[in-house]
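Close look at the chain arrangement
Listed here are the chains, written in short residue letters.
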Amino acid sequence: ASELKSDVDWHESNYLEAGTYVAKGLKRAATVFTTSSPVDGRQRVLIVITDGMIQDAGADKDIMAQARQELDGLSVQTFGIVVRRFTQHTQTDMDAEATLKPLVSLPKDEHFMNLEIEEIPEKALNGLCDPNGLWGHLVVDPTQHQHAAASGVHQPCANSVTKTGCVADRGCTWSEALTACLESVCVAHCDQPKCEAEKAAACQWDATVEECFKKEVCKYTEATACNGDAECVWDAKKTECVETPCTYPDEKSCIADATYDCVWSTVKKECKEKPCVYNTSADCNADAGCMWEAACAKPEDQMCIVKPCTHTNETACKQDVVCTWDGGCSVATCAHYPDEKCCNSDHGCHWDVKQAPSVCSELPCRKLKSEGTCGADRGCMWEPSSATCLEKRCSEHPDKCACEADPDCYFVAKGGDPHCT
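Everything numeric in this text was worked out from a predicted model, so none of it was measured. (Residues numbered from 1 in each chain as written. Predicted model: local features only at pLDDT ≥ 70, side-chain atom pairs only at ≥ 80, totals over all residues. Heavy atoms only, no water.)

With that settled, consider the overall build of the chain. Secondary structure summary: the chain contains 16 helices and 21 strands in total. Taking all 421 residues of the chain together, the buried fraction comes to 35%. Counting contacts in the chain only where the partners sit at least 6 residues apart, residues at least 24 apart contribute 40% of the total. Put simply, the chain shows about 25,100 Å² of open surface, and 52% of that area lies on carbon and sulfur atoms. (Helix = DSSP H or I, 4+ residues; strand = E, 2+ residues; numbered from the N terminus. Buried < 20%, exposed > 50% of the residue type's maximum accessible area, 1.4 Å probe, protein only. Contact = heavy atoms within 4.5 Å. Areas by Shrake-Rupley, 256 points an atom, 1.4 Å probe, with all protein chains shown as cover.)

Membership of the largest hydrophobic core comes to 18 residues, with the highest contact counts inside it found for Val22, Leu26, Leu46, Leu71, Leu100 and Leu103. Mapped onto this core, the elements with two or more residues apiece are helix H2 (23-35), strand E1 (44-50), helix H3 (61-73), strand E2 (76-84) and helix H4 (91-100). The dominant element in this core, judged by the number of residues it contributes, is H2, at five residues. Excluding residues that lie within four positions of it along the chain, Leu100 makes contacts with Val48, Thr50, Ile54, Gly80, Ile81, Val82 and Phe112. Ile81, Ile120, Ala124 and Leu125 belong to the second-largest nonpolar core, a separate cluster that totals 16 residues. (Core = buried A, V, L, I, M, F, W, Y, C linked by side-chain atoms within 4.5 Å.)

Time to look at the sheet that holds E1. Here three strands make up an open sheet; going across it, the order is E1-E2-E3 and the pairing parallel. A single partner strand is all that each edge strand has here, and the edge strands are E1 and strand E3 (112-116). Taking the axes of each pair of neighbouring strands and ignoring which way they run, one obtains an average angle of 25° across the sheet. Judged from the five bridges that link them, E2 and E3 form a sheet pairing that is parallel. Following the sheet pairing, Gly80 is matched in E3 by Phe112. Strands in contact with H2 are E1 and E2; relative to E1, the strand with the most contacts, it is inclined by about 165°. (Pairing = 2+ DSSP bridges. Axes fitted to C-alpha atoms, helices over the stretch in contact; angles between N-to-C directions.)

The subject of this paragraph is the confidence of the model for the chain. Taken residue by residue, the chain gives an average pLDDT of 79. The fraction at 70 or more is 86%. Summarising per-element confidence for the chain, the mean pLDDT is lowest in helix H7 (residues 142-150) (47) and highest in helix H9 (residues 192-197) (90). (pLDDT = per-residue confidence, 0-100.)

Working note: α-helix, 3.6 residues per turn, so residues spaced by three or four point in the same direction. Compared with the 18 Å implied by 1.5 Å per residue over 13 residues, the 19 Å span of H2 between its first and last C-alpha is a close match. Where H2 is concerned, the buried positions are Ala23, Leu26, Ala29, Ala30 and Phe33. Relative to the axis of H2, the buried residues are bounded by an arc of 125° and lie together on one face. Of the residues in H2, the exposed ones pointing more than 90 degrees away from the buried face are Lys24, Arg28 and Thr35. (Expected span 1.5 Å × (residues − 1). Arc of directions from axis to C-beta.)

The tally for this structure, following the rule as stated, stands at 15 disulfides. In this model, Cys186 is linked to Cys203 through a disulfide, with the two sulfur atoms separated by 2.0 Å. Measuring handedness by torsion sign, the sulfur bridge of Cys186 and Cys203 sits at about -80° and is left-handed. On the criterion of sequence distance, the pair formed by Cys186 in the loop between strand E5 (180-183) and H9 and Cys203 in strand E6 (residues 203-206) is long-range, its members being 17 residues apart. Accessibility assignment for this pair places Cys186 and Cys203 in one class, buried. Disulfide pairing places Cys374 opposite Cys389 at an S-S distance of 2.1 Å. One quick way to see it: the torsion about the S-S bond of Cys374 and Cys389 is about 85°, and its sign makes the bridge right-handed. Of this pair, Cys374 sits in helix H15 (residues 371-375) while Cys389 sits in strand E19 (residues 388-391), and the two are 15 residues apart along the sequence. Take Cys374 and Cys389: they sit in the same class, and that class is buried. Unpaired in this structure, Cys190 has its nearest cysteine sulfur neighbour in Cys212, at a distance of 9.1 Å. The thiol of Cys401 is not disulfide-bonded; the next cysteine sulfur, from Cys403, is found 9.9 Å away. (Disulfide = S-S within 2.5 Å.)

Once that is clear, we can look at the environment of Leu125. Its location among the elements puts Leu125 in helix H5 (residues 120-125). Judged by relative accessible area, which is 17%, Leu125 ranks as buried. Residues Leu125 and Ile47 lie 78 residues apart in sequence; the distance between their C-alpha atoms is 9.7 Å.

Let us now look at unusual backbone geometry. Even without a glycine there, the phi angle at Cys309 is positive, about 55°. Note on placement: Cys309 falls in the loop between strand E13 (303-306) and helix H13 (314-319). The buried category is assigned to Cys309, whose relative accessible area is 9%.

With that settled, consider the packing of aromatic side chains. Counted under the stated rule, the structure contains one aromatic pair. A ring pair is formed by Phe79 and Trp135, whose centres lie 4.5 Å apart and whose planes are at 35°; its orientation type is tilted. With Phe79 in strand E2 and Trp135 in the loop between H5 and helix H6 (136-140), this pair connects stretches of sequence that are 56 residues apart. The pair formed by Phe79 and Trp135 is uniform in burial state, with each residue classed as buried. (Phe/Tyr/Trp six-rings, centres within 6.5 Å; stacked < 30°, edge-to-face > 60°.)

What follows deals with the pairing of strand E7 (residues 211-214). The pairing of E6 with E7 spans four bridges and is classified as antiparallel. The residue bridging Asp206 from the neighbouring strand is Glu211, located in E7. Linkage of E6 to E7, two consecutive antiparallel strands, is achieved through a turn of four residues, within which Glu210 is found at a positive phi near 55°.

Close approach of charged atoms allows side chains of opposite charge to pair. In this structure the tally under the stated criterion is seven salt bridges. With its nearest N and O atoms 3.4 Å apart, the salt bridge here joins Glu119 to Lys123. (Salt bridge = Lys/Arg side-chain N within 4 Å of Asp/Glu carboxyl O.)

If you want it as structure tokens, here you go:
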């Protein structure tokens, strides 16, 4: 117990200050369990705690797979804890969860917790040998629980501390507001008519056990069938079918989703998943609806954006402020810059706040392609060497005479710096 407490204290003092590597640790644990003498009646338990992504999950996966096989052969139950800093789940937490879950015992959702550090003693450690504890009931009688989970038997919702484990139980529902697993309203109905008449949730009567549960959705095992169901979407990263995210009816519920990046449209009054939130160019460009914007030189200014100007008809294209039509729809000059900082770094562009929303546009004079049209605009000047129309800059007049000959400029003689402006 004191060793576990010291591990938790270390994570509190060194949050995300060191990478987590577990391959050698798992191998060492398997060796310890192999060489130690078993004690009658005692269960073998291993707890892996991390506050970030497991760094050797890919490079040393063969070592970890071998260690996991050895631990399973020794009847060791492996549990995992992701230590999170905030109440809401962040992308860092979810990345850590994705690398830790493959290492824990089956059923994985029941052997895993994502907890704030002060929750670890109460929810994970104190009840480890208590048959009524969140993990205790697994340790005391793992065979019975595994059979129940595998057969789809409804478990107490309080035992599920992760959203994934909660929604997998047909008698439970996840509360984003409370970040807790609660009983579905369906289980309160004791007969089929009331079950099927429930309007607040999609309920389904199970005639085999004569109980009411939430309707099972998105149980498809391949992408085509999954995406063919309006309620489902195929998650390529998890390689599984999940419920379509961000389908909340109001703004408060929409922006409170801690799993997905949901945005509320005040115009359409609907909740949608924010598109193109990838962090790397490879992931971004793999999505047909996205593109990696690398026009800005600095890596920190690059980002994944929705691929613009995919319109197939001229009217829709011209109505889009970032597009231009020339036999086909394409991104207008300068419009590929995603923000004001990036835009203004190109001397041929300017951030146009007259548009709604604001957009990066080509400077007005740059749009004039002939000397005649350029000269007809008093704010422009023709540059013969590059055959380009530029914004008139009075400072480029070589002397007072040339300055005063330009009706849009005047010469400032006062002070120690005479100039044309």
